[in-house]
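Chain by chain, the residues run as shown.
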Protein chains: 2
Amino acid sequence: MAGGGKKKEVKKETGLGLSFKKEDNFGEWYSEVVVNGEMIDYYDISGCYILRPWTMSIWEIMQTFFDAEIKKMRIKNCYFPLFVSSSVLEKEKDHVEGFAPEVAWVTKSGKSDLEIPIAIRPTSETVMYPYFSKWIRGHRDLPLKLNQWCNVVRWEFSNPTPFIRSREFLWQEGHTAFASKAEADEEVLQILELYRCIYEEFLAIPVIKGKKSEMEKFAGGLYTTSVEAFIPNTGRGIQGATSHCLGQNFAKMFEINFENEKGEKGMVWQNSWAYSTRTIGVMVMVHGDDKGLVLPPKVASVQVIVVPVPYKDADTQGIFDACADSVDALSKAGIRAEADFRENYSPGWKYSHWEMKGVPLRIEIGPKDLEKNQVRVARRDNGAKVDISRANLVEQLKNMLDNVQQSLFNTAKQKRDACIQVVKTWDEFREALSQKKMILAPWCDEEDVEKDVKERTKGEMGAAKSLCSPFDQPELPEGTKCFASGKPAKRWTYWGRSY
Amino acid sequence: MAGGGKKKEVKKETGLGLSFKKEDNFGEWYSEVVVNGEMIDYYDISGCYILRPWTMSIWEIMQTFFDAEIKKMRIKNCYFPLFVSSSVLEKEKDHVEGFAPEVAWVTKSGKSDLEIPIAIRPTSETVMYPYFSKWIRGHRDLPLKLNQWCNVVRWEFSNPTPFIRSREFLWQEGHTAFASKAEADEEVLQILELYRCIYEEFLAIPVIKGKKSEMEKFAGGLYTTSVEAFIPNTGRGIQGATSHCLGQNFAKMFEINFENEKGEKGMVWQNSWAYSTRTIGVMVMVHGDDKGLVLPPKVASVQVIVVPVPYKDADTQGIFDACADSVDALSKAGIRAEADFRENYSPGWKYSHWEMKGVPLRIEIGPKDLEKNQVRVARRDNGAKVDISRANLVEQLKNMLDNVQQSLFNTAKQKRDACIQVVKTWDEFREALSQKKMILAPWCDEEDVEKDVKERTKGEMGAAKSLCSPFDQPELPEGTKCFASGKPAKRWTYWGRSY
């Protein structure tokens, strides 16, 4: 077995290690880290990616949480077809305009042309709502609350990026209908809170809850709420997940009516909401470093990797047994632990390998540890090492995992907060934008002004746009003016470049 | 609230009840029962169906079981793209020939034509195996064991049927690669056993494990094993799920090579295996009756429905409380129970409604039951009713659910067994086929002979084909001749018409 001295050579041989640095070349670093961390493989069709087991286990952990939460809310899972006919897709005009350029069309089966082309769902509003209309007759059929876990296709041509912008992606999409606006409004926020939870409590990423501008809201909806994350390295905001109130617009187009208790006709109020595999890309971007992925413990399929460090003449069997015992003890306590007993890989190679894959804690057990009945634990997030008695192993590691989780969030929040800049004038805005800030500015909330901001900031880096008006509004003193138009400001709004 | 006397009228009003009988018009009965049982809705694109929550909950229960089992086998979930380029799809000739006529092609995005048409996966062998070739280098990369839960598309034109034959369906597909044939062979049977378990222990449907003939095996594979079910009403066999050994054929085409311990080059041995939402259709066909669905308790999302039966002047609140208490007690014991407290529906209407939906047990609580501290329990499968003291409720209902599960299986097995006919000559075979039997016959196992059987039996009802050669072979006395060719028989094989 190769010793520590051969580490560098082994690295070269196996291609471990990253050739790009996060600070220097973020784009290349990201592509490399998702591939070398074995999350993604590039596919021979541009914009499509292979989600490897290391990705899917993260997705499944979030899915298990979210699925249980929405079931508590009595939302039920269903599955609607992948295909949608053009006549149905085109029923809601604003909606189809928003998606039309990205729709993929099936026109052939085998060697035959289809009579009419069939679209692949970019989202399922138009797929589902004709059936909402059929199923909903009276107030007793309400609320109707459905969700599906599925793939959707948006054939975008701009800059595909793994997880963040791909032509096919996995998501859940919830679609609900209520008798009253008040019920719909309430659910919008309940779901948004679950999305906050996924980002902040699972992925350890701080997000801002808020409302989208008219320009940025969901095509065809009434209003859109979102959780917004920020990538300090690129200075770009990223829409984390969205919870839309569709109002009665789709209900009108799809004739989703009901009779209330008094026998009066009404139209339903609808919501739709979704989060996607994009979440995982944001996680990689926020926490990853020059050694590779950094996974928050709550979503890591392996939270603790145990590596035996035998030396010549040492009690190899004893070391291996201690490793197996540690994994056993941790597993029994509900900690996801594995040992790496592979032969022909040096401990050093294994360290690099599991660092690349972002495993939160590494346990090393060598002859000296065996002698002292201890293990050495190394943290992935900050590299700190500590010796822990095997007597307290489980308790200590539970604490450490909690610490790592909290510490990842705190660090990410510090970095994010350092990027937030409050501005009041156009000059300050331009300056902050050039410094890649997430800009909080008083705004008149007029669509023309947002268009104008976009127009005036367009360039190589991409135009700025509004990210959201945070629910948590700082005080807006009377007489405050819009940073862009000079008109009276209505609210504080976040602006920036975005993904 | 309407009393029992108004039951018939209520039924008419709400369209409860089936207009077709299972014995008289099986096809129409099936279409009606999946719709009225709220499992399926027909969709405006032919051959695509909406899977409603009542379906998805069954799918999820099976998925939870199967996913946990394969994870124990260290098979990992992944997700490969929906799309496959034509060059890759066409790499394995036998394979593509098998699927080509059913492949849907995307040729446009938005208003632009794609440079080259892109196929939608009918199955993912060709999607995945180029990456198996990339990821597998040495024996340490083996075995590679992946699975994905996804949708696939087969644009069939013959007779679409909900669950059984649809243009899009949900399934899991496992794809594994081993260093040796022995390991591959072993896994084929392990997976087949899980499929038997899904059918027999979850869906209460007897199946026969066996090997497919050369004609019926998976296109491009080495051999195919399957679990075969039978639908007595139509006299058709139905392939329940398949576990294929692909041999080294795909490995050759996709160059999936590895270096073994001794530094010698080898080719991997591969398996692929799948079960789909078809399972649910078989369940409906086998257990359903003229009142609607009959769900086996193990897959029913509601195992017990509790219906209050208040009369004028009775202690309505007491009855409602008893219902709620019963649901509470059952839920705490892990039984999936719900109460139907809806107003404006009569108890009679509710009985019919939950019978249509196939809930295994119904609890009725009326004034007399309240007085005697008992409940009345009605079994969906055989209509039997029994009064049970509330003191023993949980224990008794657990037993009853077990009984219903076992009894559904026994009844289905009796009916299936009554359809099995052993024949030795062509005349006996024709006669049994006309009687819609599942025919067990000695066969020479020659492809030409199977072609000949197909040719000689084709007609309005469809040709007969081999279903499988069961692993459990009856004795085959020396000198036994093939029922079709008169040549020496090699094995007993099941034959019949099939889905």
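Predicted model, so just to flag it, every value in this text is computed and none were measured. (Residues numbered from 1 in each chain as written. Chains lettered and ligands numbered in written order. Predicted model: local features only at pLDDT ≥ 70, side-chain atom pairs only at ≥ 80, totals over all residues. Heavy atoms only, no water.)

Trainee: So what's going on with the UniProt feature "domain: Aminoacyl-transfer RNA synthetases class-II family profile" (unreviewed entry) in chain A? Residues and values would help.
Mentor: UniProt tags residues 81-296 of chain A as "domain: Aminoacyl-transfer RNA synthetases class-II family profile" (unreviewed entry). A distance of 35 Å separates the end C-alpha atoms of residues 81-296 of chain A, which is 27% helix and 36% strand. (UniProt positions renumbered as here; feature names shortened; annotations may be inferred. Helix = DSSP H or I, 4+ residues; strand = E, 2+ residues; numbered from the N terminus.)

Trainee: Could you give an account of the state of the cysteines, naming the residues involved and the relevant values?
Mentor: Going through the model one piece at a time under the given rule, you end up with 0 disulfides over all chains. C150 of chain A supplies the cysteine sulfur nearest to C78 of chain A, a cysteine that is in no disulfide, at a spacing of 8.8 Å. (Disulfide = S-S within 2.5 Å.)

Trainee: Outline the interface of chain A and chain B, supporting the account with residue identities and numerical values.
Mentor: Counting from both sides, the interface comprises 56 residues of chain A and, opposite them, 56 residues of chain B. Ranking the residues of chain A by area buried against chain B places Y43, Y79 and F83 of chain A at the top, with a combined share of 13%. One can count 4 salt bridges joining chain A with chain B. D41 of chain A is paired through a salt bridge with K134 of chain B; the nearest N and O atoms lie 2.6 Å apart. Inspection of the chain A/chain B interface yields 34 residue pairs in polar contact (both at pLDDT 80 or more). Here the side of chain A that touches chain B takes 6 residues from strand β5 (residues 104-109) of chain A, the largest share from any one element. With 5 bridges joining them, β5 of chain A and strand β5 (residues 104-109) of chain B adopt antiparallel strand pairing. Across the sheet, residue W105 of chain A finds its bridge partner in β5 of chain B, namely K108 of chain B. (Contact = heavy atoms within 4.5 Å. Buried area = accessible area lost by both parts, 1.4 Å probe. Salt bridge = Lys/Arg side-chain N within 4 Å of Asp/Glu carboxyl O. Polar contact = N/O pair within 3.5 Å; in protein donor to acceptor, adjacent residues only side chain to side chain. Pairing = 2+ DSSP bridges.)

Trainee: Quick rundown of the sheet that holds strand β15 (residues 304-308) of chain B? Include the residues and the values.
Mentor: Residue and element names in this part refer to chain B. The 5 strands lie next to each other as β16-β15-β17-β18-β19, forming an open sheet whose pairing is mixed. Edge strands, defined here as strands with exactly one partner in the open sheet, are β16 (337-339) and β19 (385-389). Across this sheet, the average inter-strand angle for adjacent strands is 25 degrees, counted without regard to direction. Strand direction decides the pairing type here: strand β17 (residues 361-365) and strand β18 (residues 374-379), joined by 4 bridges, are antiparallel. Bridge assignment links E364 to a residue of β18, and that residue is R376. Those strands touched by helix α10 (residues 316-332) are β15, β16, β17 and β18, and its axis lies near 170 degrees from that of β15. Sitting on the sheet, helix α11 (residues 347-356) touches β15 and β17, and the angle it makes with β15 is about 170 degrees. (Axes fitted to C-alpha atoms, helices over the stretch in contact; angles between N-to-C directions.)

Trainee: Quick one: what's the story with the pattern of salt bridges, residue by residue and with numbers?
Mentor: Should their charged atoms come close, side chains of opposite charge can pair. Residues and elements named next belong to chain A. Scanning the entire structure with this criterion turns up 62 salt bridges over all chains. We note a salt bridge from E228 to K212, for which the minimum N-O separation is 2.6 Å. Of the two residues, E228 is situated in strand β10 (residues 223-231) and K212 in the loop between β9 (208-211) and β10; the sequence distance between them amounts to 16 residues. The partner of R362 in a salt bridge is E355, with the nearest N and O atoms 3.0 Å apart. You'll find R362 and E355 in the same group, each marked buried. Through salt bridges that share partners, E193, R196, E200, E201 and K209 make up one connected network. (Buried < 20%, exposed > 50% of the residue type's maximum accessible area, 1.4 Å probe, protein only.)

Trainee: Let's hear about helix α7 (residues 181-202) of chain B: which residues, and what values?
Mentor: Compared with an ideal rise of 1.5 Å per residue, which puts 22 residues at 32 Å, α7 of chain B spans 31 Å between its outermost C-alpha atoms and is within 8% of the ideal. Downstream of α7 of chain B by a residue or two, A204 of chain B has a phi angle that is positive, lying close to 60 degrees. (Expected span 1.5 Å × (residues − 1).)

Trainee: Explain the pairing of strand β22 (residues 465-470) of chain B to me, and be specific about the residues and the numbers.
Mentor: Residues and elements named next belong to chain B. The element β22 is largely enclosed, with a buried count of 5 among its 6 residues. Bridge count between strand β9 (residues 208-211) and β22: 2 bridges; the pairing is antiparallel. When the bridges of β22 are listed, G210 appears paired with P470. When β22 meets strand β23 (residues 491-498), the two strands line up antiparallel, connected through 3 bridges. By the bridge assignment, K465 is partnered in β23 with G496.

Trainee: Account for the relation of the copies chain A and chain B, naming residues and giving values.
Mentor: Once chain A has been moved 0.0 Å along the axis and rotated by 180 degrees, it coincides with chain B to within an RMSD of 0.0 Å. The transformation relating the two chain copies, once decomposed into turn and shift, fits a two-fold axis. In terms of proximity to the rotation axis, the leading residue of chain A is V106 of chain A, whose C-alpha is 2.1 Å off the axis. In this assembly, 100% of the residues forming the interface of chain A have copies in chain B that are likewise at the interface, indicating an isologous arrangement. (Least-squares fit on C-alpha atoms with pLDDT ≥ 70 in both.)

Trainee: Can you break down the nonpolar core residue by residue, with the values?
Mentor: Core analysis: the biggest nonpolar cluster contains 84 residues, and F83 and I120 of chain A together with F83 and I120 of chain B have the highest contact counts within it. Excluding residues that lie within four positions of it along the chain, I120 of chain A makes contacts with L82, F83, V103, A104, V106 and V153 of chain A together with F83, V106 and I120 of chain B. (Core = buried A, V, L, I, M, F, W, Y, C linked by side-chain atoms within 4.5 Å.)

Trainee: I'd like a rundown of the confidence of the model for chain A, residues and numbers included.
Mentor: Predicted confidence across chain A gives a mean pLDDT of 95, with 97% of residues reaching 70 or more. Across residues 1-14 of chain A, where pLDDT falls below 50, the model places 15 contacts with residues more than four positions away in sequence or in other chains. (pLDDT = per-residue confidence, 0-100.)

Trainee: Please give an account of the packing of aromatic side chains that cites residues and values.
Mentor: Residue and element names in this part refer to chain A. In the structure shown here, the tally under the stated rule is 60 aromatic pairs over all chains. Ring geometry for F65 versus F202: centroids 4.7 Å apart, planes at 40 degrees, classification tilted. Residue F65 is located in helix α3 (residues 53-72), and its partner F202 is located in helix α7 (residues 181-202); the two are separated by 137 residues in the primary sequence. On the basis of relative accessible area, F65 is assigned to the buried category, the value being 16%. The buried category is assigned to F202, whose relative accessible area is 9%. Here the aromatic cluster, defined as three or more aromatic residues joined through ring pairs, consists of W59, F66, W149, Y195, W273 and Y275. The lysine or arginine in question, K211, covers the ring of Y223, its NZ or CZ lying 5.3 Å from the ring centre. (Phe/Tyr/Trp six-rings, centres within 6.5 Å; stacked < 30°, edge-to-face > 60°. Lys NZ or Arg CZ within 6 Å of the ring centre and 35° of its normal.)

Trainee: How would you sum up the sheet that holds strand β19 (residues 385-389) of chain A? Please name residues and give values.
Mentor: Residue and element names in this part refer to chain A. Spatial strand order, β16-β15-β17-β18-β19: 5 strands in an open sheet with mixed pairing. Looking at which strands have only one partner, the edges of the open sheet turn out to be β16 (337-339) and β19. Between one strand axis and the next, the sheet turns through 25 degrees on average, direction left out of account. Seen against the sheet, helix α10 (residues 316-332) touches β15 (304-308), β16, β17 (361-365) and β18 (374-379) and runs at an angle of roughly 170 degrees to β15.

Trainee: I'd love a proper account of the packing of helix α3 (residues 53-72) of chain B against α7 of chain B, names of residues and values included.
Mentor: Residue and element names in this part refer to chain B. Across the interface, α3 lies against α7 with an axial gap of 11 Å and an inter-helix angle of 150 degrees. Relative to α7, the element α3 lies roughly antiparallel. Two packed elements cross with a definite hand, and for α3 against α7 that hand is right-handed. Here I61, M62, F65, F66, E69 and I70 of α3 come into contact with α7, specifically with I191, L194, Y195, C197, I198 and F202. Its residues assigned to classes, the contact of α3 with α7 comprises 11 nonpolar, no polar and 1 charged. (Parallel < 35°, antiparallel > 145°, perpendicular 65-115°, else oblique. Left-handed = near helix turned anticlockwise from the far one by under 90°. Nonpolar A, V, L, I, M, F, W, Y, C, P; charged D, E, K, R; others polar.)

Trainee: So what about the environment of K211 of chain B? Which residues, and what values?
Mentor: Residues and elements named next belong to chain B. Along the chain, K211 turns up in strand β9. Classification of K211 as partly exposed rests on a relative accessible area of 41%. In this structure the C-alpha to C-alpha distance between K211 and V227, which are 16 residues apart in sequence, comes to 8.8 Å. Contacts of K211, omitting those with residues within four sequence positions, involve Y223, T224, T225, C468, S469 and F471.

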